[in-house]
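Residues per chain, in single letters:
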Amino acid sequence: MLRALSGTTRLILLLLALLLSVIFLLPKQTRDVLQAMGKPVSALVFFPVEAFTSVEQTIIGVWQEYVALRHVREENRQLRRDLELLQKQNSDLRESASGAHRMAALLDFKEQFIPKTVAAQVIGRDSTNWYSSLILNKGDRDGVRPEMGVMTSAGVVGRVVKTGPFSSVVLLLTDPHNAITGIIQRSRDEGIVEGTTQGRARIKYLPLLANLRIGDTVVTSGLTGGFPRGVVIGSVLSLQKEEGELFQSAEITPEANLSRLEEVLVITVPRSLDGQANLKEK
Amino acid sequence: MKQALYISVMLGLVPFQVTVLNYAGIAGIRPDLPLVAAFLIGFLSGEMEGLLMGVILGCMQDLFSAGSVWINLITKGAIGALAALLGRHLASATPVMVGALLFVVSVLAGSTAVVWLRVEDGFAGVLDIIQAVVVPEALFDAALGAAIYWILPGRRRRAAEFGDDMALFGR
């Protein structure tokens, strides 16, 4: 079969085989080189991606605004009622926060976190079916780096795994290749939150004696990764405790709706150094 | 004309795959357009074009995926070259035949990638992923590839080159 090939084709096949050998022999170095070489290409391809996204957003916007208008009066009335309730709750919370802040300062506790974030728009999904990931319209130029955490106001979304000059790729919480340390908010038991091959999430390596209940909230522990402590990951849906196992695990429902994300926040600085400085001044 | 088409495919196919194609998925599975494109280009235009377009499209696909920057580059390049070798030995390929070949190639490429991705986890869940993702995607690729091949003008040129009039009618 190879005899039928021309000299140039044989040369290209040889180069490809050589490239394959180098990739297998020096995976780390090759990955870095390929990643660096790919950045200009990624910048070039970003513009068609954004063009497709803006057309898509326009169509969705027109459709959603038309449909929403049919129910807008009732929704407005409901929102006003909710707003009044939330204003009252906000006032109570401010009062509590103020008290807690004074106590923390008195006890010389360090301020826990006020993360610095960059808002980004979701412009696409993974180019293959093998990963659950998102493509964001913010990249190196906006200060986004690999390993940074990504969240919405509802909770954790995932973490950045790849960046280009104008875009970045975020591996979702529900991908089996992702792992984030989490704790059960009520019992403070710590475990690892991983995605599953069925596209859900699970907290593993919880102590056998951990007192878990369905509905418990799981939050980030802040020990590893780009997340501060206390960001909501999800709630416990079911428990798995098998005989002979050293640990128990629980399936969790992510708090953020990962299938309908449009805007997210990339956590560029998980802990606020300014916050700590302010506290010292007090 | 051909160059313009290739540039459009290079710049437009992966953006289309990551944005618009999300709406064409069935149960979250979408066809792999760069794979179909690399196969058809190789099949219709020869080793060199198949290989190069496969490598370029695979590289772009890797840049917009959470995986390492080489898996698609290698698999798509190999598919482009393999399709050309298959095309060289098939004088009268019908759309059904192209679809069947694409199915086999897609299953092989997908399975290789999945096995490689799950090496660290001791191949946990490999069969589940092949069953739930790779095979449905391959069916999608096969159907799409066969449909494109059926309407492509290149097929007519190829049939003329081989002097087989029946190939024009999808024998």
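Residues numbered from 1 in each chain as written. Chains lettered and ligands numbered in written order. Predicted model: local features only at pLDDT ≥ 70, side-chain atom pairs only at ≥ 80, totals over all residues. Heavy atoms only, no water.

Trainee: Explain helix H4 (residues 71–89) of chain B to me, using residue names and the numbers behind them.
Mentor: Given a rise of 1.5 Å per residue, 19 residues ought to cover 27 Å, and the 27 Å separating the end C-alpha atoms of H4(B) matches this to within 8%. Counting buried positions along H4(B) yields 14 of 19 residues, so the element is predominantly enclosed. (Helix = DSSP H or I, 4+ residues; strand = E, 2+ residues; numbered from the N terminus. Expected span 1.5 Å × (residues − 1). Buried < 20%, exposed > 50% of the residue type's maximum accessible area, 1.4 Å probe, protein only.)

Trainee: Could you give me a rundown of the sheet that holds strand S2 (residues 133–136) of chain A, with the residues and numbers involved?
Mentor: Within a sheet, adjacent strands bond to each other through the backbone by hydrogen bonds, running parallel or antiparallel. All names here are of chain A. Spatial ordering of the closed barrel is given by S1-S2-S5-S4-S3-S12, a layout of six strands whose pairing is antiparallel. Averaged over all pairs of adjacent strands, the angle between strand axes in this sheet comes to 45°, irrespective of strand direction. Direction of pairing for strand S3 (residues 149–151) relative to strand S4 (residues 156–163): antiparallel, over a ladder of three bridges. Pairing of Val 150 across the sheet is with Gly 158, part of S4. (Pairing = 2+ DSSP bridges. Axes fitted to C-alpha atoms, helices over the stretch in contact; angles between N-to-C directions.)

Trainee: Describe the pattern of salt bridges, with residues and values.
Mentor: Residue and element names in this part refer to chain A. Taken as a whole, this structure holds eight salt bridges over all chains when the rule is applied. Of the charged contacts, one joins Asp 140 and Arg 145 as a salt bridge, the two residues approaching to 3.8 Å between their closest N and O atoms. The class for Asp 140 is partly exposed, based on a relative accessible area of 22%. (Salt bridge = Lys/Arg side-chain N within 4 Å of Asp/Glu carboxyl O.)

Trainee: Help me get a handle on the side chain of Asn137(A), residues and values and all.
Mentor: Residue and element names in this part refer to chain A. Tracing the chain through its elements places Asn 137 in the loop between S2 and S3. On the accessibility criterion, Asn 137 (16% relative accessible area) is buried. At a separation of 2.8 Å, a polar atom in the side chain of Asn 137 contacts the main-chain amide nitrogen of Gln 121. (Polar contact = N/O pair within 3.5 Å; in protein donor to acceptor, adjacent residues only side chain to side chain.)

Trainee: An account of the sheet that holds strand S9 (residues 217–220) of chain A is needed here, citing residue identities and associated values.
Mentor: Residue and element names in this part refer to chain A. Taking strand neighbours around the barrel as the criterion, the six strands line up as S6-S7-S8-S11-S10-S9 in a closed arrangement whose pairing is antiparallel. Put simply, the sheet's adjacent strands are angled 40° from each other on average, direction ignored. Looking at chain direction, strand S10 (residues 232–240) and strand S11 (residues 247–254) are connected through six bridges and run antiparallel. For Gly 234, the partnering residue across the bridge sits in S11 and is Pro 254.

Trainee: Give me the lowdown on the packing of aromatic side chains, citing residues and values where you can.
Mentor: What the rule picks out here adds up to seven aromatic pairs over all chains. With 5.5 Å between their ring centres and 70° between their planes, Phe46(A) and Phe47(A) make a pair best called edge-to-face. Overall, the relative accessible area of 47% leaves Phe47(A) in the partly exposed class. Judged by centre distance (5.7 Å) and plane angle (70°), the rings of Phe52(A) and Phe16(B) are edge-to-face. Remark: Phe16(B) occurs in helix H1 (residues 2–18) and Phe52(A) occurs in helix H2 (residues 27–69); the pair is interchain, linking two chains. On the basis of relative accessible area, Phe52(A) is assigned to the partly exposed category, the value being 26%. Its relative accessible area of 29% is what places Phe16(B) among the partly exposed residues. Ring-pair connections join several aromatic residues into one group, and the members of that group are Phe46(A), Phe47(A) and Phe166(A). (Phe/Tyr/Trp six-rings, centres within 6.5 Å; stacked < 30°, edge-to-face > 60°.)

Trainee: Which residues make up the confidence of the model for chain A, and what values do they have?
Mentor: All names here are of chain A. Across chain A, the average pLDDT comes to 80, with 87% of residues at 70 or higher. Strand S5 (residues 168–172) holds the highest mean pLDDT among the elements of chain A, 94, whereas helix H4 (residues 273–281) holds the lowest, 40. Scored below 50 in pLDDT, residues 272–282 shows nine contacts in the model against residues more than four places distant or in partner chains. (pLDDT = per-residue confidence, 0-100. Contact = heavy atoms within 4.5 Å.)

Trainee: Describe the interface of chain B and chain A, listing the residues and the values that go with them.
Mentor: For an interface, size is often stated in terms of accessible area lost upon the parts coming together. Contacts between the two partners involve 45 residues from chain B, matched on the other side by 46 residues from chain A. A buried area of about 4100 Å², summed over both sides, lies between chain B and chain A, and 73% of it is on carbon and sulfur atoms. Between the two partners, chain B and chain A, sit zero salt bridges. Remark: the boundary between chain B and chain A carries 14 residue pairs in polar contact (both at pLDDT 80 or more). For the side of chain B that touches chain A, the elements supplying multiple residues, two or more each, are H1, helix H3 (47–63), H4, helix H5 (95–117) and helix H6 (126–151) of chain B. Partitioning the side of chain B that touches chain A into residue classes produces 27 nonpolar, 12 polar and six charged. (Buried area = accessible area lost by both parts, 1.4 Å probe. Nonpolar A, V, L, I, M, F, W, Y, C, P; charged D, E, K, R; others polar.)

Trainee: Just give me the short version of the environment of Gly234(A), but keep the residues and values in it.
Mentor: Residues and elements named next belong to chain A. Mapped onto the secondary structure, Gly 234 falls in strand S10. Given the relative accessible area of 0%, Gly 234 is considered buried. With 174 residues separating them in the primary sequence, Gly 234 and Ile 60 have C-alpha atoms 28 Å apart. When residues no more than four places from it in sequence are discounted, the contact partners of Gly 234 are Asp 216, Thr 217, Val 218, Thr 253, Pro 254 and Glu 255.

Trainee: I'd like a rundown of the side chain of Asn129(A), residues and numbers included.
Mentor: As for its placement among the helices and strands, Asn129(A) is situated in the loop between strand S1 (116–125) and S2. One polar contact links the side chain of Asn129(A) to the main-chain carbonyl oxygen of Arg30(B), over a distance of 2.7 Å. Among the polar contacts made by the side chain of Asn129(A), one reaches the side chain of Glu137(B) at a distance of 2.8 Å. Dropping the residues within four chain positions of it, Asn129(A) is found in contact with Gly28(B), Ile29(B), Arg30(B), Val133(B) and Glu137(B).

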